[in-house]
Every structure is written in structure tokens, then in C-alpha cells.
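Analysis of the macromolecular model
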Amino acid sequence: MMGCRRADLFSEIDKLRAQLLHNVEVMADRQRVEEEISQQDVLTRIENIILGIVTSLSKDEAPVLALPNRSSWANVSFDIAIGLQMSSGSCVTTIRSDCASSVAKFAQILKILLVIYRLVQSNSYATKRDIYYNNTQLFGSQKTVDSIVDDISCMLKVPRRSLHVSATSKGFISGDLCYMEEDGTRIDCHSSSAAVAVSSNIGGIRNIVSCAKFVMIVEKDATFQRLLDDDFCTKLSPCIIITGKGVPDVNSRLMVRKLWDTLHIPIFALVDADPHGIEIMCIYKYGSVAMSFEAHSLTVPSVMWLGLLPSDLQRLRVPEDALIPLTRRDENKLTSLLKRPYLTSQPDWQKEMELMQQTKVKAEIQSLAAIAPDYLTSIYLPNKLRYGGWV
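These numbers come from a predicted model, not from an experiment.

Pairing is antiparallel across the open sheet formed by three strands, whose spatial order is β9-β8-β11. Looking at the sheet topology across the chains shown, the edges are occupied by β9 (186–188) and β11 (206–209). Taken pair by pair, the neighbouring strands of this sheet meet at an average axis angle of 10 degrees, ignoring direction. Across three bridges, strand β8 (residues 178–180) lies against β9 in antiparallel orientation. Bridge pairing in β9 places Y179 opposite I187.

Laid out in C-alpha cells, this is it:
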């Protein structure tokens, strides 16, 4: 009897998986396989930049570094199989060594290139935090180091992990999943009470074992913890839940992509019914402008929007005092989201966002508790998954 109920629960998810696998076969030839970049290759690319600087100096010219602009939509093109990717002829920002406004950044880039060169040469690793403490006066803030490491990664056309620079993960994962870290540590994510921190070396993960029927991305840590407390992964076993705690870090995105590449099971997003939640879901699905140069390893275009949908608020008659009026900032964010190049391929998402524009209200996932304290885990999510309530 239990087996029948279990099969019934996952029948729509199984249908979705069959459809996704078909799409994978159709789109496989459109996705470029990311070539492994050797350590020597990374060293050579850094040497070529230094050679350019030395050549300029030998000609009595002020050295200039050209960085692809990572903040402009004009530099990005959209491919439905990949998401937002940096265009080959992208415009660049020039960092001059003889200009007061950019000389500090020029020095910072050179310093970090030196650190990276030594790391790659000695086959050792450092965190972005380590690099910041290497010269706090020069860098001024951790944010400066984070941004420059990504600039260098983009300039050299090398994934950040090939630069031997790692970042501490902020995400957590739980559910039907075991894997081996690069150092041989066996990680088991089955514990129902405590989640496992997302690895800071996703590329080194191997021997992934899982019977999960789906992965669910949870926008916020509070909701993720609530699911853990309610033993969600056992109730809807087998599944995997993961959170990037708001706007996801690169490691959380790499982990979602790794699970997709390995397991090819449906990936759902559970986010607040507000413009910020929608944007976070779009980052997992289609990527971001700032990291568009690494789109091939970061995006998962098969991600489906499970909830909270603006139409759910009306359908479930969520109490009015649990709804929040849209601010002017929310309305501007919604308008800009609707102009994104990927929205034309998502008419159902467009409808949901237009409904939010009309009703002028938003709601957090926690608003479902106004219907019943355990409504999210006992009724909302099981029904959504059983009857295919995603878009």
C-alpha cells in the first residue's frame, strides 16, 4: 500500500524526468564541453599578460590591462540550452597604470596575479580570504579581492578553480546523497536533523550515490531549516534539498549543476513570491551577468518554479494580512525582470509575474503558516509534487 502511494506521489515527477532526458539528448550537441585547462596553460596565460606589461615599459608606454566588462547586459547573449553567456566580442574596461583613478586597481590585479602564479606553480591552494590577508592595506576590503579574482578568471578565460583559489561555501545540503571529497572524505547527507555544508571544491567530488527523485533548491535558510525540522526529506524520500542562503555563491550553483549532470533528475525551486525570490531562481536557472563567462558550468536551464507562485496566493486564499504590498523598488525590479532575454521562452513565468504586477502584493513562503502551521511541509509541497504544480 505504501509502495503504491509512493509511486503515485512521484508519477508526475517521473513524467517530467522523461521529458527532461529527451531535452538533454536534443540539446547535448549545443553545449560545449568545458575543456580541462592544464596548470602549464594557466601559467602561460599569466606570463603573456606580464610580457605585455614588460613590452609596454620597454617602449616607454604606460602598461594597460583590458578586462571584459562583467556588469553590462550588452556583453551577454542568451542561449536557451546554456543561459546567459558572455559574447565573444564583449566590450572591455581598460585599467591604466598611469591614471589616478585606476592605478590602485592595476596594482591589486598584478599582486593577485602574482599570488595565483605561485599557487598554480606550487600546486597549492588558497582561499580568497587568505589573499585578502596577504596585503590588507593594498586591497582595502575582501569585496575587492573577490571581484578581482573573478575579473582575472574572466580575463584569462580560466575557471576560478583552475586558478587554485577557493571560496568558503555558504550553502547547505541534505537528503538522499553520499559522495567522496577529493581528499577521500566520505560525505553522507542523510541526517534528518543536521545539514552538510556545500563543499568548497565541487570539481573534486566523485562517487556520487543517490536514489533521489528530485532536487529542491530552497531560497532561504529559514525555510530550509524548517524543512529539516519537519523531517521533509524522510516524508518525501528519496529527495535532496539545497540552499544557497539567498543569492547563491558559486559553490552552491556548481553543486546544483553537478547534481544535474550526474543524476539528471528534476530540479525545483522554492522561493518567495516576490521579485527578489524570482531573480534568485533565475540565477540558478540562467546564470548572472557577472558570472556569464562561466555559464557552461554554473547554469541549470531545466530548473522548474515549484512555488511560491503568485497564483498560489489567490488559489489557496492566503490571508490578506500575510501579504505584503509591493514597494516601488519591487515594481522596478519586476519590470526589469520581465525585460530579461530569457523571459520570452517562459510564458508561464511571465503570466505569474504579470499577476504580481496586477495584484501589487508579494508574500514570503512563511505566509503559508497563516493557513496552518505545518501547511508547507504536510500539504503544500506534497500536493505540488504529486499533481505537477510547477511551471
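Time to look at the packing of helix α2 (residues 39–58) against helix α3 (residues 103–122). α3 packs onto α2 with a crossing angle of 150 degrees between their chain directions and a minimal axis gap of 10 Å. On the basis of the axis angle, α2 is roughly antiparallel to α3. Seen along the crossing, α2 lies across α3 with a hand that is left-handed. Contacts between α2 and α3 pair Q39, V42, L43, I46, E47, I49, I50 and I53 from the former with F106, L110, L113, I116, Y117, V120 and Q121 from the latter. When the residues that make up the contact of α2 with α3 are grouped by side-chain class, the tally is 12 nonpolar, two polar and one charged.

As for its position among the elements, N251 is in helix α9 (residues 250–263). According to the relative accessible area criterion, N251 is buried, its value standing at 3%. In terms of polar contacts, N251 uses its side chain to reach the backbone carbonyl oxygen of A167, at 2.9 Å.

Further remarks concern the packing of aromatic side chains. If you walk through the whole model with that rule in mind, you get seven aromatic pairs. With centroids separated by 4.8 Å and ring planes inclined at 40 degrees, the aromatic side chains of F268 and W390 adopt a geometry described as tilted. Of this pair, F268 sits in strand β14 (residues 267–270) while W390 sits in the segment after α15 (375–387), and the two are 122 residues apart along the sequence. Judged by its relative accessible area of 13%, W390 is buried. Linked through ring pairs, F78, Y286 and Y342 together constitute an aromatic cluster.

What counts and how
- Residues numbered from 1 in each chain as written.
- Predicted model: local features only at pLDDT ≥ 70, side-chain atom pairs only at ≥ 80, totals over all residues.
- Heavy atoms only, no water.
- Pairing = 2+ DSSP bridges.
- Helix = DSSP H or I, 4+ residues; strand = E, 2+ residues; numbered from the N terminus.
- Axes fitted to C-alpha atoms, helices over the stretch in contact; angles between N-to-C directions.
- Parallel < 35°, antiparallel > 145°, perpendicular 65-115°, else oblique.
- Left-handed = near helix turned anticlockwise from the far one by under 90°.
- Contact = heavy atoms within 4.5 Å.
- Nonpolar A, V, L, I, M, F, W, Y, C, P; charged D, E, K, R; others polar.
- Buried < 20%, exposed > 50% of the residue type's maximum accessible area, 1.4 Å probe, protein only.
- Polar contact = N/O pair within 3.5 Å; in protein donor to acceptor, adjacent residues only side chain to side chain.
- Phe/Tyr/Trp six-rings, centres within 6.5 Å; stacked < 30°, edge-to-face > 60°.

Everything listed is a geometric property; what it means functionally is a separate question.
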